[in-house]
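# Results of the structural survey
The primary structure of each chain is shown beneath.
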Amino acid sequence: MPPFSRLSRTGTVAVTLSAALTFGFGLTACAPDASAQTTNTAETPAALSKTLPGKIVYTQLTTPDLPKAKAFYGALLGWNFQDRPVSRGHYAEALVNGHVVAGLVERPLPDTANPPQPLWLPFISALDVPTVARESLQWGGKILYRPTVVPGRGEQAIIADPQGALFAALHTPHGDRDDTDDTAQGDWIWHAILTPNPAASAGFYQKLFGYQVEDAPPPDTHQRYILDSQSIARATVNPLPARLPPDASARWIGFVQVDSVGSAAEKAVQLGGRVLVQPHPDHQNSIIAVLADPSGAVFGV
């Protein structure tokens, strides 16, 4: 399970209001057109399945410096990039072994006293995005960007959960990639929510995506939860680190498979990033670390 991490103490209200401007517009205006897809990155029918509600099917980075982000993640994770023509701004897809693992969109940070920190946004598969958005309001969430059909991707909405964690609901018309046990260097392998109220957060996502919610094994029972869909563990819900104030907003964090966590942490620093949580064994005895890229976006390895 994911660790505690030293993340921003930005409050929920400040995050959601400025994020609606920065991340919302970036995700819609900068998505690639359907005509921009090529045979190098398009999924083959065999790789696609029906919609798998609750599966995290995509992640996207909003960054103020796309060339710097590409140089960092390419050197650290072995990602290759393909620039995509978009209506405004700059957009690139990151590929591993021929399939798209992430999108990177360049957006200047808003000129405010407390601009949002660049972040990785998880996209969670949904059968009906408008229904998810509507029900998120019913259960205390906020719609930051209303359901919109993005050519080449599908229908999506950006939402803040009641504790302030940002995520997107996405329905792709061609279906989701089949689940597979095969992961390689550079693939996303796990996601987690860090939240001041794990039980409430687990219930919120269960209501939206139909997750099976399981208690984590001892000694973390009733403190951490596992979100399952299609009988597969998709994410964990963890408490915020004790060093953060009780009113700190929740946040998602994604973990990328690497061959050596220690080497990746060292290389991240050499490339201009930071190590926020040093490599250490997690609750399942895997070695993990939490890093930040040169612009401050947080992710795990």
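Throughout what follows, the structure given in this document is the object of discussion. (Residues numbered from 1 in each chain as written. Predicted model: local features only at pLDDT ≥ 70, side-chain atom pairs only at ≥ 80, totals over all residues. Heavy atoms only, no water.)

### Structural notes on the pairing of strand β11 (residues 225–229)
Using the following cut-off: When a residue's accessible area, from a 1.4 Å probe over protein chains only, is under 20% of the maximum for its type it is buried; when over 50% it is exposed; and in between it is partly exposed. Working definition: helices are DSSP H or I runs of at least four residues, strands are E runs of at least two. Numbering for both runs from the N terminus. At least two bridges found by DSSP between two strands are what make those strands a pair.
Burial of β11 is extensive: five of the five residues sit out of reach of the surface. Neither face of β11 is left uncovered, since the one carrying Tyr225, Leu227 and Ser229 and the one carrying Ile226 and Asp228 both have all their residues buried. The pairing of strand β10 (residues 212–215) with β11 spans four bridges and is classified as antiparallel. Each residue of the ladder has a partner; that of valine 213, found in β11, is leucine 227. The pairing of β11 with strand β12 (residues 232–239) spans five bridges and is antiparallel. Its bridge partner lying in β12, tyrosine 225 is registered against valine 237. In sequence, β11 turns back onto β12 through a hairpin of two residues, with glutamine 230 there showing a positive phi of about 55°.

### Quick look at the packing of helix α2 (residues 66–77) against helix α5 (residues 261–270)
For the record, the criterion: Helix axes are fitted to C-alpha atoms over the stretch in contact, other axes to C-alpha atoms as well, and angles between N-to-C directions run from 0 to 180 degrees. Note that the term roughly parallel is reserved for angles under 35 degrees, roughly antiparallel for angles over 145, roughly perpendicular for angles of 65 to 115, and oblique for everything else. Rotating anticlockwise by less than a right angle from the far helix to the near helix defines a left-handed crossing, while the corresponding clockwise rotation defines a right-handed one. We call two residues in contact whenever any of their non-hydrogen atoms come within 4.5 Å of each other. Lys, Arg, Asp and Glu make up the charged group, whereas Ala, Val, Leu, Ile, Met, Phe, Trp, Tyr, Cys and Pro make up the nonpolar group; the residues left over, Gly among them, are polar.
Look at α2 against α5: their axes get within 10 Å of each other, and the N-to-C directions meet at 155°. By the criterion of interaxial angle, the relationship of α2 to α5 is roughly antiparallel. Regarding α2 and α5, the two cross each other, and that crossing is right-handed. Taken together, the residues of α5 that come into contact with α2 (itself represented by Phe72, Ala75 and Leu76) are Ala264, Lys267 and Ala268. Of the residues that constitute the contact of α2 with α5, the class distribution is five nonpolar, no polar and one charged.

### Some words on the nonpolar core
Cut-off, in case you're wondering: Definition of nonpolar core: a set of buried residues of the types Ala, Val, Leu, Ile, Met, Phe, Trp, Tyr and Cys, connected through side-chain atoms within 4.5 Å.
By size, the foremost hydrophobic cluster in this structure holds 27 residues, and its most contacted members are Tyr73, Trp79 and Trp120. For this core, the secondary structure elements donating two or more residues are α2, β3 (90–96), β4 (99–106), α5 and β15 (287–292). For tryptophan 120, the contacting residues outside a window of four places in its chain are Thr59, Gln60, Leu61, Tyr73, Trp79, Ala102, Gly103, Leu104, Trp188, Ala297, Val298 and Phe299. In terms of nonpolar packing, the next biggest core, distinct from the first, is built from 24 residues, Ile56, Ala133, Phe204 and Ala235 among them.

### A short note on the pattern of salt bridges
Operational definition: By definition here, a salt bridge exists when the distance from a side-chain nitrogen of Lys or Arg to a carboxyl oxygen of Asp or Glu is within 4 Å.
The tally for this structure, following the rule as stated, stands at four salt bridges. With a closest N to O distance of 3.3 Å, lysine 55 and aspartate 179 form a salt bridge. With lysine 55 in the loop between α1 (12–29) and β1 (56–63) and aspartate 179 in the loop between β8 (166–171) and β9 (188–195), this residue pair connects regions lying 124 residues apart in the sequence. With relative accessibility at 12%, the residue lysine 55 sits in the buried group. Judged by relative accessible area, aspartate 179 falls into the partly exposed class, the value being 33%. Across the salt bridge formed by aspartate 83 and lysine 70, the nearest N and O atoms sit 2.8 Å from each other. Linking aspartate 83 in strand β2 (residues 80–84) with lysine 70 in helix α2, this pair joins segments that are 13 residues apart in sequence. Taken together, the salt bridges that share partners define one network made up of Lys55, Asp179 and Arg234.

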